[in-house]
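The chain contents come next:
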Amino acid sequence: MTASLPELSTITDWQTVGNLHVEPAFYDFVTEELLPAIKFDAGEFWAGLENINDELAPLNRNLLRVRAGPSCSGRSMTGPAKDEAA
């Protein structure tokens, strides 16, 4: 018997924390189980995560642009380059 996975929510259902959009099950786990277990303030945690996200998001976007640069032009993550398709 295999365990069933919880159904994923759509982004419109996500919890908004500052400028973050957090999947509800993850938000509940972090806020109700994880942080109380380690005696860490939820407001401080989410504010810190928001700061990290704000700081690293531009770098991440740039790295994704570099990764998808000219050598990847026409390629998808699931198939061959357009000129390689038969």
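Here the structure is shown first, and the text comes after it.
Cut-offs applied
Residues numbered from 1 in each chain as written. Predicted model: local features only at pLDDT ≥ 70, side-chain atom pairs only at ≥ 80, totals over all residues. Heavy atoms only, no water. Phe/Tyr/Trp six-rings, centres within 6.5 Å; stacked < 30°, edge-to-face > 60°. Helix = DSSP H or I, 4+ residues; strand = E, 2+ residues; numbered from the N terminus. Buried < 20%, exposed > 50% of the residue type's maximum accessible area, 1.4 Å probe, protein only. Expected span 1.5 Å × (residues − 1). Polar contact = N/O pair within 3.5 Å; in protein donor to acceptor, adjacent residues only side chain to side chain.

Visitor: Explain the packing of aromatic side chains to me, please; I cannot follow it from the model alone.
Guide: By convention here, two paired aromatic rings are described through the distance between centres and the angle between planes. With the rule as written, the count across this model stands at three aromatic pairs. Plain terms: the ring middles of phenylalanine 26 and tryptophan 46 are 6.4 Å apart, the flat faces sit at 85° to each other, and that makes the pair edge-to-face. Of this pair, phenylalanine 26 sits in helix H1 (residues 24-37) while tryptophan 46 sits in helix H2 (residues 42-67), placing them 20 residues apart in sequence. Accessibility expressed as a relative area gives 4% for tryptophan 46, which makes it buried. For the ring pair phenylalanine 45 and tryptophan 46, a centre distance of 4.9 Å and an interplane angle of 80° mean the geometry is edge-to-face. Of the aromatic side chains, those joined through ring pairs into one cluster are Phe26, Tyr27, Phe45 and Trp46.

Visitor: Which parts of the structure should I look at to understand H2?
Guide: Residues that lie three or four places apart on an α-helix share one face, since the helix turns once every 3.6 residues. Helix length check: H2, at 26 residues, gives a terminal C-alpha distance of 35 Å against a target of 38 Å (1.5 Å per residue), a fit within 8%. A side-chain oxygen of the first residue of H2 lies 3.2 Å from the backbone nitrogen of glycine 43; this N-cap is aspartate 41.

Visitor: Mind showing me how you'd approach unusual backbone geometry here?
Guide: A negative phi angle is the norm for most residues apart from glycine, just as the trans form is the norm for most peptide bonds. In the Ramachandran plot, lysine 39 falls in the positive-phi region, its phi being about 55° despite a non-glycine side chain. Note on lysine 39: relative accessible area 76%, which makes it exposed.

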